[in-house]
Amino acid sequence: MFHASRRSFLSAVAATGVALTLAACGGSAEGGTGSGGDAGGSGDGGAIRVGYSQLGAESGWRTANTESVKANLTAENGFDLTFVDAQQKQENQIKALRDFVAQDVDVIAFSPVVETGWDDVLQEIKDAGIPVVLVDRTVDTTVEDPYVTHIGSDFKAEGTKAGEWVKANAADAKIFELQGTLGSGAQVDREEGFDAVVGSQVVGKASGNFTRAEGRTATEAALQAYPETTLIFTHNDDMGLGAVEAIEAAGKTPGTDIQIVSVDAVRDGLQALVDKKFNYVVECNPAFGDQLAELIKKVAAGEDVPKETVVEETAFDQTITQAEVDARPY
Ligand code: GYE
């Protein structure tokens, strides 16, 4: 099912109390780790060596997610983390994954920037017998059983929630859809969920690559191309905040002239709700580092884990208070 035989052996050894001998052997491979790593773990004492490829630092969500991962995969919690940021480039991620294979880490965790294009590297990881924990976004691959477990959001359900709010609250809306990184699980599935409810009202679509700057430029172009737009569905808060800038620069009022429905619910997005510039925000929860740490421990020990862990999320409208926004941890 998954390729944890070596890990099962490690855990069995640990359970019988000869872990120290084994850790000493493992220690001889020292020096292979640390490229881009900043966790400072020494790798001794039986720590679980995790190679983590984060896809980038494109949004408030991603920053919060990185903080949550780093706060939980600590040396004190028994991890030796090598964390590498791919700056939203798939080739950087593939390189990091190959480095992790060369370092023979215990577990590889990664958040894939797009869904396709992973076949070769996933096969290499599988051949090396290193278990993969997929974080946040998903993959679409021909490799069989490419990962042991996935933890992340139900992006389609997020899109559906957004669509249902529009259907109930802005039934005649003419919608511009501000898409995330094209080909990413978050874009593909949010769009599918949303469009299944109100897709017939979508007058135009363009990608803002999940960043504020590109969200602004895409909206500037959309205001010209689709002047009939009365509502923007943005696949994340950062692009929505860029849209606010574009709408205001065009002399219109976001939240009123053009309503904004968003996903994420980072503090800046929720502040825009209080300020009546956003109308509805579906939560996407980035703070699952604690659950991830537990999963990785189990995977490293060869224990059974669920194939899917879906993080819990809610949604917010303009009834949110300033106090709630101020209490938001990210
Ligand atoms: O919604 C967006 C980020 O994959 C869930 O990526 C994540 C998305 C998140 O850039 O802000």
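Parameters and conventions
- Residues numbered from 1 in each chain as written.
- Predicted model: local features only at pLDDT ≥ 70, side-chain atom pairs only at ≥ 80, totals over all residues.
- Heavy atoms only, no water.
- Core = buried A, V, L, I, M, F, W, Y, C linked by side-chain atoms within 4.5 Å.
- Buried < 20%, exposed > 50% of the residue type's maximum accessible area, 1.4 Å probe, protein only.
- Helix = DSSP H or I, 4+ residues; strand = E, 2+ residues; numbered from the N terminus.
- Domains from an automatic or database assignment.
- Contact = heavy atoms within 4.5 Å.
- Axes fitted to C-alpha atoms, helices over the stretch in contact; angles between N-to-C directions.
- Left-handed = near helix turned anticlockwise from the far one by under 90°.
- Nonpolar A, V, L, I, M, F, W, Y, C, P; charged D, E, K, R; others polar.
- Pairing = 2+ DSSP bridges.
- pLDDT = per-residue confidence, 0-100.

Our next topic: the nonpolar core. If you look at the biggest cluster of nonpolar residues, it comprises 68 residues, and the most contacted ones within it are Tyr 52, Leu 73, Val 166, Ile 175, Leu 292 and Ile 296. Examining the composition of this core, we find that six residues originate from one element, helix H11 (residues 289-300), more than from any other. Here this core spans two domains, since at least three of its residues come from each of domain 1 (4-153 + 285-312) and domain 2 (155-284). Beyond its immediate chain neighbours, meaning those up to four positions away, Ile 296 contacts Ile 48, Val 50, Leu 73, Phe 79, Val 107, Ala 109 and Val 133. Ala 96, Val 105, Trp 118 and Leu 134 belong to the second largest nonpolar core, which has 20 residues in total.

Quick look at the packing of helix H6 (residues 155-169) against helix H7 (residues 185-198) now. Relative orientation of the contacting elements H6 and H7 amounts to 35°, with a least axis distance of 7 Å. For the pair H6 and H7, the sense of crossing is right-handed. Contacts from Phe 155, Lys 156, Glu 158, Gly 159, Thr 160, Ala 162, Gly 163, Glu 164, Val 166 and Lys 167 in H6 reach Gly 185, Ala 186, Asp 189, Arg 190, Glu 192, Gly 193, Phe 194, Val 197 and Val 198 in H7. Its residues placed into classes, the contact of H6 with H7 shows seven nonpolar, five polar and seven charged.

Here we take up the sheet that holds strand S7 (residues 202-207). A sheet is described by the order of its strands in space; here six strands give the open sequence S7-S6-S8-S9-S10-S12, paired in mixed fashion. Two strands in the sheet have a free side with no partner beyond their single neighbour: S7 and strand S12 (315-317). Here the average twist between neighbouring strands, direction ignored, is 15°. Relative to S7, strand S6 (residues 175-179) is paired through five bridges, and the arrangement is parallel.

Here the chain averages 90 in pLDDT, while 86% of its residues score no lower than 70. Strand S8 (residues 231-234) holds the highest mean pLDDT among the elements of the chain, 99, whereas helix H2 (residues 19-27) holds the lowest, 32. A low-confidence stretch, residues 1-43 (pLDDT under 50), is modelled with 53 contacts involving residues beyond four sequence positions or located in other chains.

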